[in-house]
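The chain contents come next:
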Amino acid sequence: MMAEEFTTVRAARAAQADRAVGALERRLDGEHLPSRPGWACRTCEQDWPCDPARVRLAEAYGADRIGLSMYVGSLLFVVTAELPAVAPTELYERFVLWTR
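Small disclaimer: the values here were computed from a predicted structure and weren't measured. (Residues numbered from 1 in each chain as written. Predicted model: local features only at pLDDT ≥ 70, side-chain atom pairs only at ≥ 80, totals over all residues. Heavy atoms only, no water.)

Asks: Can you help me understand the overall build of the protein in this one?
Replies: Counting its regular elements, the protein contains five helices and two strands. Starting at the N terminus and walking to the C terminus, you meet the elements of the protein as α-α-β-β-α-α-α. Taken over the C-alpha trace, the protein has a radius of gyration of 14 Å; the compact-globule value for 100 residues is 13 Å, and the two agree within 12%. Its C-alpha atoms give the protein principal-axis dimensions of about 45 × 30 × 25 Å. Buried residues in the protein amount to 33% of all 100 residues. If you take every contact in the protein between residues at least 6 apart in sequence, the share linking residues at least 24 apart comes to 52%. Surface summary for the protein: the accessible area is close to 6,300 Å², and the carbon and sulfur share equals 54%. Looking at charge distribution, the protein has the averaged site of its 12 positive side-chain charges lying 3 Å from that of its 14 negative ones. (Helix = DSSP H or I, 4+ residues; strand = E, 2+ residues; numbered from the N terminus. Rg over C-alpha atoms; globule rule 2.2 N^0.38 Å. Buried < 20%, exposed > 50% of the residue type's maximum accessible area, 1.4 Å probe, protein only. Contact = heavy atoms within 4.5 Å. Areas by Shrake-Rupley, 256 points an atom, 1.4 Å probe, with all protein chains shown as cover. Lys, Arg positive; Asp, Glu negative; His and termini not counted. Charge placed at Lys NZ, Arg CZ, Asp CG, Glu CD.)

Right, dumping it as structure tokens:
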């Protein structure tokens with residue numbers, strides 16, 4: 001992959017991740033939102049996604065578990081950049097594994 005292509009792909013992924021984070025307010029009805037860059041819940045101060053946020057996200061996606069997994073995967077792209085000290089496997093378990 002050429003450097004220019006890599007930059008374009010990376011920029012596209014970053015834009016997609018920004019849209020995913022921006023959609024949280026609407027998807028969670030303004031409650032149990034993450035406080036960034038630490039990714040703790042603003043409401044209950046647990047690691048985000050906290051249980052209430054997971055329930056709301058699951059309700060928002062209904063039977064579309066693949067869509068939910070893709071959505072939280074987009075969030076994972078952001079959180080890995082904002083929490084570089086946390087192991088990627090731990091972040092995967094926290095953000096994606098619960099959707100299965």
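Asks: Is there a simple way to think about the environment of T80 in this case?
Replies: Mapped onto the secondary structure, T80 falls in helix α4 (residues 65-82). C-alpha of T80 to C-alpha of Y92: the two residues are 12 residues apart in sequence and 9.2 Å apart in space.

Asks: How should the side chain of S74 be read in this particular structure?
Replies: Relative to the helices and strands, S74 resides in helix α4. Not counting residues within four places of it along the chain, the set of residues in contact with S74 comprises Q16, A17 and A20.

Asks: Hey, could you run me through the packing of α4 against helix α5 (residues 88-95) in this one?
Replies: Any two packed helices are characterised by how steeply their axes cross, that is the angle between the axes, and by the distance between the axes. In contact at an axis separation of 10 Å, α4 and α5 are set at 145 degrees when each is read in the N-to-C sense. Considering only the axes of α4 and α5, their crossing is right-handed. On α5, the residues touching V72, L75, L76, V79 and T80 of α4 are L91, Y92 and F95. (Axes fitted to C-alpha atoms, helices over the stretch in contact; angles between N-to-C directions. Left-handed = near helix turned anticlockwise from the far one by under 90°.)

Asks: Even after reading the chapter, I still don't get the nonpolar core, so can you show me in this structure?
Replies: Considering soluble globular proteins, one finds that nonpolar side chains tend to be buried as a cluster. Counting residues in each nonpolar core, the largest one holds 26 residues, and the members touching the most others are W39, W48, L57, Y71, V72, L75 and F95. Contributions of two or more residues to this core are made by α1 (3-22), α3 (51-61), α4 and α5. At seven residues, the largest contribution of residues to this core is made by α4. Residues in contact with L75, not counting those within four places in the same chain, are A20, V21, L24, W48 and F95. (Core = buried A, V, L, I, M, F, W, Y, C linked by side-chain atoms within 4.5 Å.)

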